[in-house]
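Breakdown of the fold
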Amino acid sequence: QFPVSPLPGLEDSSNERLTDGIVVNYREFGSIDGGSFDLASKYNKGRTLTHEMGHFFGLRHVWGDINGCSGTDYVNDTPTQSKSTAGCPAHPQVDCSIAKMFQNYLDYSDDVCMNIFTQGQVARMTTVIQNSPRRKELPNSIGLQPPLTVPNDLGIKTILNPGNTSCSGTIVPSILVRNYGNNFITSTQIQVKRNNSVIETKNIVLALAVNSEVQIDFLPVALTAANTSQFDFIITFTNGIPDGNSLNNSKGITTTTPALGILPIAETFSSIPSSWSIQNPDNLKTWQPITANGRTALYINNYDYAEVGAIDRLTTPLIDLTSLPTATLLFDRAYAPYPGTTGERLQILASNTCRFDNSPIVLFNKSDGQLATTTSNLSAFVPTNSQWITEAVSLNQFVGQSIQLAFENTNANGNNVYISNVRIFTGNYLDIALMKLESPSPVSCLANISPFIRIRNTGNVPITSFTTSLTINGGSALLQTFSGLSINSNTEQVIQLNAILLGDGNNQLNISIINPNSIADDNPTNNAGSYNLVVQNTKEIIPLRERFDSNSLLKWSIVSQGQQPLWTTTATNYSTSLVYQSFTNTNLGDEAWLVSPVLDFSKTSKASLFFDASYAKRTTGSESLKILASYDCGINFNDVLFEQSGSQLSSVISQNPWLPSLPIDWKKNFINLDNYTGYTTARIAFVLTNGNGNNFYLDNIDFYTQDSPNQGPVQPAENPYSVYGGIGSPLKITFNLNERKYVRLQIYNSIGQVVSDSSLPDTLNQTYNLDTGEGGSGIYIVRLQIDNQLSATKVYVGN
């Protein structure tokens, strides 16, 4: 556990003393230098404990726990590195333009490679040892002294009952006592207080040998619902005289009894209900309300939760099932794993004592990939409406008794976990949900389509039939009935609808699902969806350039769903750029699409994409950008070409609305598109997901007919071409035109003879080798005709 300290990077450290320490698995503890121990081969030099002790004294991982070169461990003399190191690589390893220190104890290298703390790390640990609560007490801790025993020392080891929570009704307080002294104990007197008032003083006959323990019960006590009581247990006499060691004679506990819930229970969590409670042992991250993509929910920010293994519980009121024949729990959940993280878990526990620290019954238990409702995500996950799953859990085993439920999150510092729409009721539940429109995508070139929808049975009875109602641009409803189905609880199915005809340009498609099993749906709120679809079949050949100036954007499509914000144009230091305004958009998970025209790659065997992005990460949130590709004119975007978020996208960090003003504020990105050469109906989509972080800018999209990250020399934007090379390297010309043009290229030798004459149609940004024939070394003239403009450049070819 990190120490409590004002040092940067330790702001969220837990102050929970009961978890303050280090735990090391036995297979990673100790060194084979001390014997032939059964140790994991990667961790057999004892340096796992050294690594964890570094954390205990305030050190962060050397890469700053952020993938990319923007992370920091808050120590000046450790080199910046973009990610952790695995194995034991050869030295040097260059990362972030500098040799990385993979030998540092705070990397993830194998033990045999670790051997360094820097002076800065030692200074940071020294500051913690001298100033942090509990750390500064270690040099004088009584833990350094051998324990002393005294006679007549009976101590309270633990309180068995009540716990921090207890059900209303009658309980029997009980404690476990231990003979910590050096003599036999035959009697004791123990006092019980409730809310500082003595409710019992009990004289007890014992026969307790040294180091033996015994449970002691007291008179029953009545607890009322929705109440809090403080219980204190105090040993007053041992063997008829005052106890020999007063330090272990008393323990207290505050116990809370839950309120009684009235069925049916339905919570959408616009706030935390007063009858529900949260158990947050480390007083750090825990369940909190949020609005995600227009939907209210509770979530835990595991993405920023540094205390790996921390458990937080959300508990329901007490549920009375004593007179009910059946009972069901339904809830919605959403989770996207962080790549490489394991151990994130969501459980639902049940207890008839309202205690979850004493072998509760596990009703639901999913972690990592099983818990995921969508693909992994490098940014802080915010679910869209299609990324929720409804779970149905039977409570019939508890009929005839009262129970309390707990939603328990186990943190692995991976990604955020969401729950919403918790319902507890009696009887069957019939619920069919429209999850998403699978196909087509928001932009395609086909007007005549057969939509595919994904549905889910979120109830607890099989669905055998349902009807869809579809309208196009507010027209008449088109009904279609599906029967003979067998969709079991918590399962999904993709359904193909009848063909429809869309108009050119923007279309609004409304789809709803009605009458599952020929009766009304018990939850009609998840039955409908509205989708904006664009039919656009403008075709462009490669190469292609988009600067977002004048009317060029008319060939591209901008679309989002519902009332979600769109990409817009704005003035930047690159003249006109595209921007997504995230700084003021608090609706997490909103998506905006920018989709290319239909791209014809049939005339090239190589292709690539460059684009400039400008973004400043803000601590309140982060955006993510995906670039998707389609082979089929945009009907389906199945290929992910690019995916980055947060600090990966960021050129700087800013807490203010971002506006680029300098060239260094932009980051140029490269994508190889060789897999799409030969296709005539390809399409590229830029998809920005809002995280209420900062504004995101896009400009200078270039499709090349080469596949090298280096497409030629850097040149001012006003230069139409650049001729270079010729001395020890091939003579080349790179064009930099604003639009495709016809170019005639001629090369003359020094006596005026034409040695090369070429026609270059559709020239935009290509690079060509220049052929000087058999002339060898010497001076040549490169003559160009671009439309009606003539120009010439003198070049020297030689060694």
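Let us look at the structure shown here. (Residues numbered from 1 in each chain as written. Predicted model: local features only at pLDDT ≥ 70, side-chain atom pairs only at ≥ 80, totals over all residues. Heavy atoms only, no water.)

Looking now at the overall build of the chain. Helices and strands together make up the secondary structure of the chain, namely three helices and 56 strands. Counting only C-alpha atoms, the chain reaches 125 × 75 × 50 Å along its principal axes. For the chain, buried positions account for 50% of its 799 residues. The average position of the 47 basic charges and that of the 63 acidic charges among the side chains of the chain differ by 2 Å. (Helix = DSSP H or I, 4+ residues; strand = E, 2+ residues; numbered from the N terminus. Buried < 20%, exposed > 50% of the residue type's maximum accessible area, 1.4 Å probe, protein only. Lys, Arg positive; Asp, Glu negative; His and termini not counted. Charge placed at Lys NZ, Arg CZ, Asp CG, Glu CD.)

This part covers the state of the cysteines. Formally, a disulfide is one covalent bond, and it connects the sulfur atom of one cysteine to the sulfur atom of another. Tallying each qualifying case throughout the model produces four disulfides. Disulfide partner of Cys 69: Cys 96, at an S-S distance of 2.0 Å. An S-S torsion of about -95° defines the bridge between Cys 69 and Cys 96 as left-handed. In this pair, Cys 69 sits in the loop between α1 (47–56) and β1 (94–95) while Cys 96 sits in the loop between β1 and β2 (98–99), placing the two residues 27 residues apart along the sequence. The class for Cys 69 is partly exposed, based on a relative accessible area of 47%. A relative accessible area of 21% means that Cys 96 is categorised as partly exposed. (Disulfide = S-S within 2.5 Å.)

On to the pairing of strand β39 (residues 568–572). For a regular strand, the rule is simple: side chains alternate between the two faces of the sheet. Where β39 and strand β40 (residues 575–580) come together, five bridges link them in antiparallel fashion. Each bridged residue has a counterpart across the sheet, and for Thr 572 the counterpart in β40 is Ser 575. (Pairing = 2+ DSSP bridges.)

Throughout the structure, instances matching the rule amount to 23 salt bridges. One salt-bridge network, in which partners are shared between bridges, spans Glu 438, Arg 454, Arg 456 and Glu 492. (Salt bridge = Lys/Arg side-chain N within 4 Å of Asp/Glu carboxyl O.)

Below, the discussion takes up helix α2 (residues 119–131). Counted at 1.5 Å a residue, the expected span for α2 with its 13 residues is 18 Å, and the 18 Å between its end C-alpha atoms agrees. Every buried residue of α2 is accounted for by Gln 121, Arg 124, Met 125 and Val 128. For α2, the arc enclosing every buried residue in end-on projection is 95°, short of the 170-degree limit, so these residues lie on one face. What points out from α2, more than 90 degrees from its buried face, is the exposed set Gln 119, Gln 130 and Asn 131. Packing partners of the buried residues in α2 comprise α1. (Expected span 1.5 Å × (residues − 1). Arc of directions from axis to C-beta. Contact = heavy atoms within 4.5 Å.)

Adjacent strands of a sheet form backbone hydrogen bonds with each other and so pair up, either parallel or antiparallel. Spatially, β3-β5-β8 is the arrangement adopted by the three strands of the open sheet, whose pairing is antiparallel. In this open sheet, the two strands that pair with only one neighbour each are β3 (154–161) and β8 (213–217). Mean inter-strand twist for the sheet, computed between neighbouring axes without regard to direction, equals 25°. Examined bridge by bridge, strand β5 (residues 174–179) and β8 share five bridges and lie antiparallel to one another. For Val 177, the partnering residue across the bridge sits in β8 and is Val 214. (Axes fitted to C-alpha atoms, helices over the stretch in contact; angles between N-to-C directions.)

This part covers unusual backbone geometry. Leave glycine aside and you will find that most residues have negative phi; peptide bonds, for their part, are mostly trans. Here the amide bond leading from His 91 into Pro 92 is cis, since omega sits at 5°, within 30 degrees of zero. Checked against the element boundaries, Pro 92 lands in the loop between α1 and β1. Here the bond from Ile 542 into Pro 543 is cis, since omega is 15°, no more than 30 degrees from zero. Take Pro 543: it is sitting in the loop between β36 (539–541) and β37 (544–546). Non-glycine residue Cys 354 carries a positive phi angle of around 65°.

Looking now at the side chain of Asn 415. Within the secondary structure, Asn 415 sits in the loop between β24 (402–410) and β25 (417–425). According to the relative accessible area criterion, Asn 415 is buried, its value standing at 0%. A polar contact is formed between the side chain of Asn 415 and the backbone nitrogen of Phe 381, at a distance of 2.8 Å. Not counting residues up to four positions away in its chain, the partners in contact with Asn 415 are Asn 302, Tyr 303, Tyr 335, Ala 336, Pro 337, Tyr 338, Glu 344, Asn 377, Ser 379, Ala 380 and Phe 381. (Polar contact = N/O pair within 3.5 Å; in protein donor to acceptor, adjacent residues only side chain to side chain.)

Once that is clear, we can look at the packing of aromatic side chains. The tally for this structure, following the rule as stated, stands at 27 aromatic pairs. When the ring of Trp 567 is compared with that of Phe 696, the centres are 6.2 Å apart and the planes differ by 70°; the resulting orientation is edge-to-face. In this pair, Trp 567 sits in the loop between β38 (557–559) and β39 while Phe 696 sits in strand β49 (residues 696–704), placing the two residues 129 residues apart along the sequence. The residues Trp 567 and Phe 696 share a single accessibility class, namely buried. Among the aromatic residues, those joined into a ring-pair cluster are Tyr 299, Phe 381, Trp 388 and Tyr 418. Sitting over the face of the ring of Phe 56, Arg 135 holds its NZ or CZ atom 3.6 Å from the ring centroid. Above the ring of Trp 388, the side-chain terminus of Arg 295 is found at 4.2 Å from the ring centroid. (Phe/Tyr/Trp six-rings, centres within 6.5 Å; stacked < 30°, edge-to-face > 60°. Lys NZ or Arg CZ within 6 Å of the ring centre and 35° of its normal.)

Let us now look at α1. Looking only at α1, the buried set comprises Thr 48, His 51, Gly 54, His 55 and Phe 56. Against α2 lie the buried residues of α1. Positive phi appears at Gly 58, one or two residues downstream of α1, with a value of about 100°.

Looking now at the sheet that holds strand β29 (residues 452–457). Pairing in this open sheet of three strands is antiparallel, and the strands run β26-β29-β32 from one edge to the other. Lying at the two open borders of the sheet, with one neighbouring strand each, are β26 (432–439) and β32 (492–496). For this sheet the average axis-to-axis angle between neighbouring strands, irrespective of direction, equals 30°. Pairing analysis gives five bridges linking β29 to β32, with the strands arranged antiparallel. Within the sheet, the bridge partner assigned to Ile 455 lies in β32 and is Gln 493.

Time to look at the environment of Lys 668. Among the structural elements, Lys 668 can be located in strand β47 (residues 667–672). The contact partners of Lys 668, leaving out residues within four places of it in the chain, are Phe 610, Phe 611 and Asp 612. Reaching out from Lys 668, the side chain makes a polar contact with the side chain of Asp 612 at a distance of 3.0 Å.

This part takes up the nonpolar core. Judged by nonpolar contacts, the single largest core of 33 residues is most densely connected at Leu 594, Phe 611, Phe 686, Ile 701 and Phe 703. Where this core is concerned, the elements lending two or more residues are β40, β41 (591–595), β43 (608–617), β44 (624–630), β48 (683–689) and β49. Apart from residues no more than four positions distant in its own chain, Phe 686 is found in contact with Trp 556, Trp 567, Ala 592, Trp 593, Leu 594, Leu 609, Phe 611, Leu 625, Lys 626, Ile 627, Leu 698 and Ile 701. Within the second largest apolar cluster, 32 residues are counted, among which are Ile 265, Phe 331, Ile 403 and Leu 405. (Core = buried A, V, L, I, M, F, W, Y, C linked by side-chain atoms within 4.5 Å.)

The next subject is the pairing of β44. Within β44, six of the seven residues are buried, which leaves it mostly tucked inside the rest of the structure. Sheet analysis places β44 next to strand β45 (residues 639–645), joined by six bridges and oriented antiparallel. Within the sheet, the bridge partner assigned to Lys 626 lies in β45 and is Glu 643. Note that β44 and β48 share seven bridges and pair antiparallel. If you follow Ser 624 over to β48, its bridge partner there is Thr 689.

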